[in-house]
Amino acid sequence: MAERPSMCLLYTTWPAAAPAREAAAALLEEGLIACANILSGSTSIYRWQGEVKEEGEIVALFKTAADRAERARDRLVALHPYEEPCVIALGVETGASAPGFLDWVEAETRRGA
Amino acid sequence: MAERPSMCLLYTTWPAAAPAREAAAALLEEGLIACANILSGSTSIYRWQGEVKEEGEIVALFKTAADRAERARDRLVALHPYEEPCVIALGVETGASAPGFLDWVEAETRRGA
Amino acid sequence: MAERPSMCLLYTTWPAAAPAREAAAALLEEGLIACANILSGSTSIYRWQGEVKEEGEIVALFKTAADRAERARDRLVALHPYEEPCVIALGVETGASAPGFLDWVEAETRRGA
């Protein structure tokens, strides 16, 4: 049996849905992701100059092959309107993920390779 | 001190909330998951026949014991309306998770074992 | 090159947004997290006394340094209205995450150290 390709789920936040969708479209065209899920609105809570602040943000998750994740991250950081955007790579357990989906992510991210 | 049971978070997408809820109910009855969280609407972006497409989807997360994750994934794939559904197993760090919750997930997924 | 700090994403659920926001504000003040994302409403499905139940819940994600994750988890469990709350630590791949964001999480969680 051939070894399954491994993948990565990039967890990101955006000031609005539009830039997340534009980034998703760009990375799809470049073959750096297979798919993105843009969640409906969320509230972010953080500290700024010593005070707790709340702000509406959009969480978006990008699915890519493990060996494309660093390039996908670099593109997301470059396209993102923030200076230090949240791009967190969540580890995926290959053995308990759907093999057909891992294959599809792999195939979709070979085009631009 | 006994070793804590380890768990897995299965990240999935669905065309609507109803099939995700039905799958959750089925896997609960079968003792293959302890709980599911069905998020409110999201937008999925992917390529289809060379074009970037957007579609409404539902993200659902299923919580199960690490040693039940493969069977839970197989059932989700079988119940899912797509041919190659997104079922991604996110790795969980046992040491920084709530011990009482890990125990509860373990207990809930022993019933059907 | 210096080694990048590692981080952890704590996945949690709450009966409503208010206690999640209050917990986020408390942990920010204590330097135990750098930021929280509180997602819009979700539906949780679980078993209770042999029956499948559905309930509205709020999913909230807390971002912290790997070496602060256990203390953050303990505080979340203490502040949470449930007896055995869902606090799941998702593993983060340092190499494919944004270095500037990892540094920011590290810096924000040193204050209270």
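- An unreviewed UniProt entry lists chain A under the name Divalent-cation tolerance protein CutA, with Marinicauda algicola as the source organism.

Observations regarding the state of the cysteines
Now for step 1: Here the structure, examined in full by the defined rule, presents zero disulfides over all chains.
Now for step 2: Free of any disulfide, Cys8(A) has its nearest neighbouring cysteine sulfur in Cys86(A), separated by 13 Å.
Now for step 3: The buried category is assigned to Cys8(A), whose relative accessible area is 5%.
Now for step 4: Take Cys86(A): it sits in no disulfide, and the sulfur closest to it among the cysteines is that of Cys35(C), at 6.7 Å.

Remarks on empty space enclosed by the protein
Now for step 1: Applying the stated criterion to the full structure yields two cavities of 30 Å³ or more.
Now for step 2: Considering only enclosed or pocket space, the largest cavity measures out at about 120 Å³ in volume.
Now for step 3: In this structure, the largest cavity is lined by 18 residues; those nearest its centre are Tyr11(A), Leu61(A), Tyr11(B), Tyr11(C) and Leu61(C).
Now for step 4: Put simply, the parts of the chain that give the lining of the largest cavity at least two residues each are strand S1 (7-14) and strand S4 (51-65) of chain A, strand S1 (7-14) and strand S4 (51-65) of chain B together with strand S1 (7-14) and strand S4 (51-65) of chain C.
Now for step 5: Classifying every residue of the lining of the largest cavity by side-chain character gives 18 nonpolar, no polar and no charged.

Some words on the relation of the copies chain C and chain B
Now for step 1: Its rotation angle being 120°, the transformation that places chain C on chain B also includes 0.0 Å of axial translation and leaves an RMSD of 0.0 Å. Between the two chains, the operation in question is that of a three-fold axis. Among all residues of chain C, the one whose C-alpha sits closest to the rotation axis is Gly91(C), at a distance of 3.3 Å.
Now for step 2: Interface overlap between copies: only 14% of the residues of chain C at the interface are likewise at the interface in chain B, consistent with a contact formed by different surfaces.

Section: unusual backbone geometry
Now for step 1: Even without being glycine, Gln49(B) reaches a positive phi, approximately 50°.
Now for step 2: You can call Gln49(B) exposed: its relative accessible area is 71%.

A closer look at the interface of chain C and chain B
Now for step 1: Chain C puts 28 residues into the contact, and the matching count from chain B is 29 residues.
Now for step 2: In this assembly, chain C packs against chain B so that about 2200 Å² is buried in total across both faces, 58% of it on carbon and sulfur atoms.
Now for step 3: Considering only the surface of chain C that becomes buried against chain B, Ile45(C), Arg47(C) and Ile88(C) emerge as the three largest contributors, covering 27% of it.
Now for step 4: On inspection of chain C and its partner chain B, the count reaches two salt bridges.
Now for step 5: We note a salt bridge from Arg21(B) to Glu54(C), for which the minimum N-O separation is 2.9 Å.
Now for step 6: At the surface where chain C touches chain B, the tally comes to 13 residue pairs in polar contact (both at pLDDT 80 or more).
Now for step 7: Among the secondary structure elements, those contributing two or more residues to the side of chain C that touches chain B are S1, strand S3 (42-48), S4, helix H2 (69-79) and strand S5 (87-91) of chain C.
Now for step 8: Per element, the largest residue contribution to the side of chain C that touches chain B is six residues, and it comes from S3(C).
Now for step 9: A breakdown of the residues in the side of chain C that touches chain B according to their chemical character gives 15 nonpolar, seven polar and six charged.
Now for step 10: One ladder, built from five bridges, connects strand S2 (residues 35-39) of chain B with S3(C); its direction is antiparallel. Within S3(C), the residue paired with Cys35(B) across the bridge is Tyr46(C).

Re the pairing of S5(C)
All names here are of chain C.
Now for step 1: Along S5, five of the five residues are buried, which leaves the element largely enclosed by surrounding structure.
Now for step 2: Across the two faces of S5 the burial is the same, with Val-87, Ala-89 and Gly-91 and Ile-88 and Leu-90 all buried.
Now for step 3: Judged from the five bridges that link them, S1 and S5 form a sheet pairing that is antiparallel. Bridge pairing in S5 places Tyr-11 opposite Ile-88.

Thoughts on the relation of the copies chain A and chain B
Now for step 1: Least-squares fitting of chain A to chain B yields an RMSD of 0.0 Å, with the transformation described by 0.0 Å of translation along the axis and a rotation of 120°.
Now for step 2: The share of interface residues of chain A whose copies in chain B are also at the interface is only 14%, consistent with the copies meeting through different surfaces.

What about the interface of chain A and chain B?
Now for step 1: On the chain B side, the residues contacting the 29 residues of chain A number 28 residues.
Now for step 2: When the two sides are added together, the surface that chain A and chain B hide from each other amounts to roughly 2300 Å², 58% of it contributed by carbon and sulfur.
Now for step 3: The tally of links between chain A and chain B comes to 13 residue pairs in polar contact (both at pLDDT 80 or more).
Now for step 4: Taken together, the elements giving at least two residues each to the side of chain A that touches chain B come down to S1, helix H1 (17-29), strand S2 (35-39), S4, strand S5 (87-91) and helix H3 (99-108) of chain A.
Now for step 5: Per-class residue counts for the side of chain A that touches chain B are 17 nonpolar, six polar and six charged.

Criteria and cut-off values
- Residues numbered from 1 in each chain as written.
- Chains lettered and ligands numbered in written order.
- Predicted model: local features only at pLDDT ≥ 70, side-chain atom pairs only at ≥ 80, totals over all residues.
- Heavy atoms only, no water.
- Disulfide = S-S within 2.5 Å.
- Buried < 20%, exposed > 50% of the residue type's maximum accessible area, 1.4 Å probe, protein only.
- 1 Å grid on protein atoms, 1.4 Å probe; cavity = no way out; pocket = protein on both sides within 12 Å on 5 of 7 lines; lining within 4 Å.
- Points joined across faces, edges and corners; volume = space filled by probe spheres on them.
- Helix = DSSP H or I, 4+ residues; strand = E, 2+ residues; numbered from the N terminus.
- Nonpolar A, V, L, I, M, F, W, Y, C, P; charged D, E, K, R; others polar.
- Least-squares fit on C-alpha atoms with pLDDT ≥ 70 in both.
- Contact = heavy atoms within 4.5 Å.
- Buried area = accessible area lost by both parts, 1.4 Å probe.
- Salt bridge = Lys/Arg side-chain N within 4 Å of Asp/Glu carboxyl O.
- Polar contact = N/O pair within 3.5 Å; in protein donor to acceptor, adjacent residues only side chain to side chain.
- Pairing = 2+ DSSP bridges.

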